[in-house]
Each structure stands twice: as structure tokens, then as C-alpha cells.
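# Structural description and commentary
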Amino acid sequence: MSVDLLEGRLIVVVGGGGVGKTTLAAALALGSVKEGRRTLVMTFDPSLRLKDALGVAEAAKDEPIRVMESGPGFLDAALLDAKHTFDRLIRTYAPDAAAAKRIFSNRFYRDMAGNLSGILEYMAMERLFEMQVSGRYDRIILDTPPTRQAMDFLKAPDRMVNLVDSNAIRFAMDPWWDDAGRKNLAFRIAVKGAMELSDRIIGRRFLLDVVEFIRAFAPLFDGFRSRAEDVRNLLRADETRFLLVAGPGQDRVPDAMFFLRKLKETGHHLGPILVNQVHPDPGPAAGNDEGLALLRFLAGRDQRGLALLRSLFPGEQKIVPIALEPFPPGDLRTLRLLFEKLAKAKSI
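Residues numbered from 1 in each chain as written. Predicted model: local features only at pLDDT ≥ 70, side-chain atom pairs only at ≥ 80, totals over all residues. Heavy atoms only, no water.

When its secondary structure is counted, the protein shows 15 helices and 8 strands. Within the span of the protein, comprising 348 residues, buried residues form 49% of the whole. Summing over all exposed atoms, the protein offers an accessible surface of approximately 17,100 Å²; the carbon and sulfur share of this is 55%. (Helix = DSSP H or I, 4+ residues; strand = E, 2+ residues; numbered from the N terminus. Buried < 20%, exposed > 50% of the residue type's maximum accessible area, 1.4 Å probe, protein only. Areas by Shrake-Rupley, 256 points an atom, 1.4 Å probe, with all protein chains shown as cover.)

What follows is about the nonpolar core. Met42, Ile90, Leu128, Ile140, Phe217 and Ile273 are the most contacted members of the largest nonpolar core, which has 56 residues in total. Sort the elements by how many residues they give to this core and helix H6 (residues 119–133) lands first, with 7 residues. In terms of nonpolar packing, the next biggest core, distinct from the first, is built from 35 residues, Leu5, Ile11, Ala25 and Val67 among them. (Core = buried A, V, L, I, M, F, W, Y, C linked by side-chain atoms within 4.5 Å.)

Viewed as axis vectors pointing N to C, helix H3 (residues 82–93) and helix H4 (residues 97–104) meet at an angle of 155°, and their least axial separation amounts to 8 Å. Here H4 runs roughly antiparallel to H3, going by the angle between their axes. For the pair H3 and H4, contact is made by Asp87, Ile90 and Arg91 and by Ala100, Ile103 and Phe104, respectively. A breakdown of the residues in the contact of H3 with H4 according to their chemical character gives 4 nonpolar, no polar and 2 charged. (Axes fitted to C-alpha atoms, helices over the stretch in contact; angles between N-to-C directions. Parallel < 35°, antiparallel > 145°, perpendicular 65-115°, else oblique. Contact = heavy atoms within 4.5 Å. Nonpolar A, V, L, I, M, F, W, Y, C, P; charged D, E, K, R; others polar.)

Further remarks concern the sheet that holds strand S6 (residues 240–246). By way of backbone hydrogen bonds, the strands of a sheet pair with one another, either parallel or antiparallel. A sheet is described by the order of its strands in space; here 8 strands give the open sequence S3-S4-S2-S5-S1-S6-S7-S8, paired in mixed fashion. One side of each edge strand has no neighbouring strand; the edge strands of this open sheet are strand S3 (65–70) and strand S8 (319–323). Adjacent strand axes in the sheet meet at a mean angle of 20° when their direction is disregarded. Relative to strand S5 (residues 139–143), strand S1 (residues 10–15) is paired through 4 bridges, and the arrangement is parallel. (Pairing = 2+ DSSP bridges.)

Within strand S2 (residues 38–43), 5 of the 6 residues are buried, leaving the element largely enclosed by the surrounding structure. In this structure, S2 lies alongside strand S4 (residues 73–79), joined through 6 bridges in parallel fashion. Residue pairing for S4: threonine 39 is matched across the bridge by leucine 75.

Following the sequence through the fold, threonine 39 ends up in strand S2. Among the polar contacts made by the side chain of threonine 39, one reaches the main-chain carbonyl oxygen of arginine 37 at a distance of 3.1 Å. Beyond its immediate stretch of four places on either side in the chain, threonine 39 contacts Ala29, Ser32, Val33, Phe74, Leu75, Asp76, Tyr137, Arg139 and Ile141. (Polar contact = N/O pair within 3.5 Å; in protein donor to acceptor, adjacent residues only side chain to side chain.)

With that settled, consider the confidence of the model for the protein. When the pLDDT values of the protein are averaged, the result is 80; 77% of them are 70 or greater. Low pLDDT (under 50) marks residues 181–190, which in the prediction has 8 contacts with non-local residues, meaning those over four places away or in another chain. In this model residues 198–202 is a low-confidence stretch, pLDDT under 50, and it forms 5 contacts with partners more than four residues away in sequence or in other chains. (pLDDT = per-residue confidence, 0-100.)

Tracing the chain through its elements places aspartate 302 in helix H14 (residues 290–312). By relative accessible area, aspartate 302 is classed as buried at 0%. Of the polar contacts made by the side chain of aspartate 302, one reaches the backbone nitrogen of histidine 279; its length is 2.7 Å. Once residues lying within four places of it in the same chain are set aside, the contact partners of aspartate 302 are Pro248, Gly249, Gln277, Val278 and His279.

Turning our attention to the environment of glycine 223. Summarising the element assignment, glycine 223 is placed in helix H12 (residues 221–235). Given a relative accessible area of 23%, glycine 223 falls into the partly exposed group. For the pair glycine 223 and alanine 94, spaced 129 residues apart in sequence, the C-alpha separation works out to 9.8 Å.

Let's shift gears to H12. Counting along an α-helix, one turn takes 3.6 residues, and residues three or four places apart therefore face a common direction. Along its 15 residues, H12 runs 21 Å from first to last C-alpha, staying within 8% of the 21 Å computed at 1.5 Å per residue. Of all the positions in H12, only Phe221, Phe224, Arg227, Ala228, Val231, Leu234 and Leu235 are classed as buried. Seen end-on, H12 carries its buried residues on one side only, within an arc spanning 140°. Away from its buried face, by an angle of more than 90 degrees, H12 presents the exposed residues Asp222 and Asn233. (Expected span 1.5 Å × (residues − 1). Arc of directions from axis to C-beta.)

Right, let's get into the pattern of salt bridges. Tallied over the full model, the rule gives 12 salt bridges. For the salt bridge of arginine 139 with glutamate 35, the shortest nitrogen-to-oxygen distance reads 3.2 Å. Here arginine 139 is found in strand S5, whereas its partner glutamate 35 is found in the loop between helix H1 (21–34) and S2, with 104 residues between them in sequence. A relative accessible area of 2% means that arginine 139 is categorised as buried. In this structure, arginine 301 engages aspartate 302 in a salt bridge whose closest nitrogen and oxygen atoms are separated by 2.6 Å. (Salt bridge = Lys/Arg side-chain N within 4 Å of Asp/Glu carboxyl O.)

Here glutamine 277, not a glycine, exhibits a phi torsion of approximately 65°, which is positive. In this structure, glutamine 277 sits in strand S7 (residues 270–278).

Okay, structure coming up:
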């Protein structure tokens, strides 16, 4: 019996690098359109490989781009750009134009905000939430970076809640940073040593820029916390499924097991495991030249990896091998053909 790979309104495609996640996400998106669903496929993979797979341009960083239509269904594609999403977030949620201008004019925001560790993952979270609540789509398929960076995405909602409630934020919001506070001699004497030390280590101007950046963002903190909690619930909802894409071979099993364990620990719902790029066995009748001998070796290796993975999941977990394509799909036609193969794939 074939496996339903399109179960769920949000499908998050995860896995290690080089296993074909982006291609499979694009093929699944076309399959969703075939079902008549209004579908969005989006990526926060920094390499933006989805852009090439679907032939969309840089404009997809600003707004979803229509890729194709079929009856009541259609496919849009969106590429995450952290800085664009950050700017749009500020314009949308700042209490007024003056508050937005204060953030945009901050030197720390201009020079560093789009490149900070964790910003890409948090912006992906915000963008996903924005698209989900828009009501424009019946199904969203999210293509992610390699496994361990994708874990940062899963942790982003909790990290944002912890950040908003952290001591660093409370420190930056302390009244002594205000003009009135700075005029208080007792405060100034107490912090003089710390300020001189910070000036030597990181530069006082930099520290003040960071404090100003945090204080400018203060009106948005409650919204950050609320949306982070909403995304956390969305990622753990019954209608959300994680499709793990693993490479063939025993050496790929530890990476797959790492992510599976993390998903289970955090209460997310795992769909089928897709073991992609499995080499076919040409059989003894095909001949004995070196190329065929190598293919037989790779096929045997892949089958041993499948057997190991299956042995680690003796229950009802679906494990679906996907045969290696002779040529990687590079346009909508070949992506549709790939989905037809996926739709017929069976669990071992």
C-alpha cells in the first residue's frame, strides 16, 4: 500500500545535507496542487536551492511568487531573507512610524541585526506564522537547512520567549540608561568601573547602540512572546507533520536517529521517513564491468542501511525508500514525474 506523504496542513521537510530535501519538498508541493490545494512551498535554507528548483526569482524574498495554477489549486513559492523579514516585521508591529524609524536608524540594527546567530531561525518562525494566519493557503510545505541547523528552528520559539524574559533585556530597560538615570550620581559612580571595563573590551559606543536597539524594540516584546508561543503550538499541532529525509547507507543512520530523538523529546509529530537516493541493483544478468560492479556494491550498501533503520523501528513507523533518479529534476515537468513516483512509493 502506498504511503500518504501529504498528510497535514503544515509539512516540515527535515534531514541532513545533500539528501535531496529541497527537490522532494518541491515535488510534494506540486503533488499538493494536483489535489486541488492552495499550496505554499517556502525555504529558510540559506543556499536558497528552492529558487533554482522552481525557477523563481529574487522577488520571492519579498512576497510569495505564483509558480503555477491547476484548477482550484495553485503553487506559490517564498524564499526567506532574514533582513527583509525583519524590516517587514518592524513596519507591521511597531506602534507608530516614529518607533519604526527609531529602530531602522539604530546603527546596531543596520550593521548587524540580519547576521546575528539565531536571527535566520527566528525570522523563519515569524514568516511561517505570517503565512499560516493569512488564510491564503490550504497547505504549507517548509524546506529546512541540514538537520542540526533545523533544530535551531524548532528551538526558536522557546529561545525568543526566554530572550524577552532574560536578565539582559531587564538590564537594558533599567531606568539608569535614561537621561534622568544617567544624571543620578550614585548610579554613575556604581557603574563607572563596569562602563570603563566594557569600553576597553567591546567599546562603549557599541554597548550603547545595543542598549538603544533593545529599548527601541521594547514595544514589540509582548508581540514577540505571543507569536513565539503560537508558533510553538503550531509546530506541535496534530495537523503538522515532519518528514525526515535520510540518505541511504549505514553511515547516514546516526544523523537520522539524532533528529528523530529530538522530535520525540520535543513532542512533534513525525510522518514517514523518506530514504532518498537509493541505488538500484542491476542484477547479475546486466554484466560484470566495473561500473555495474560499483552499482551492485552501492545497492548492497543501501539495502544494509535500510535494514538497519528498519530494525531500529520495529513498530508502525513508515520507512519509504526512494530510488535514485538518473538525472536530478530541474523543472516543473520532471518534478511532477518525481511526485508520481513518490505517490506510488511503499513502506518497507
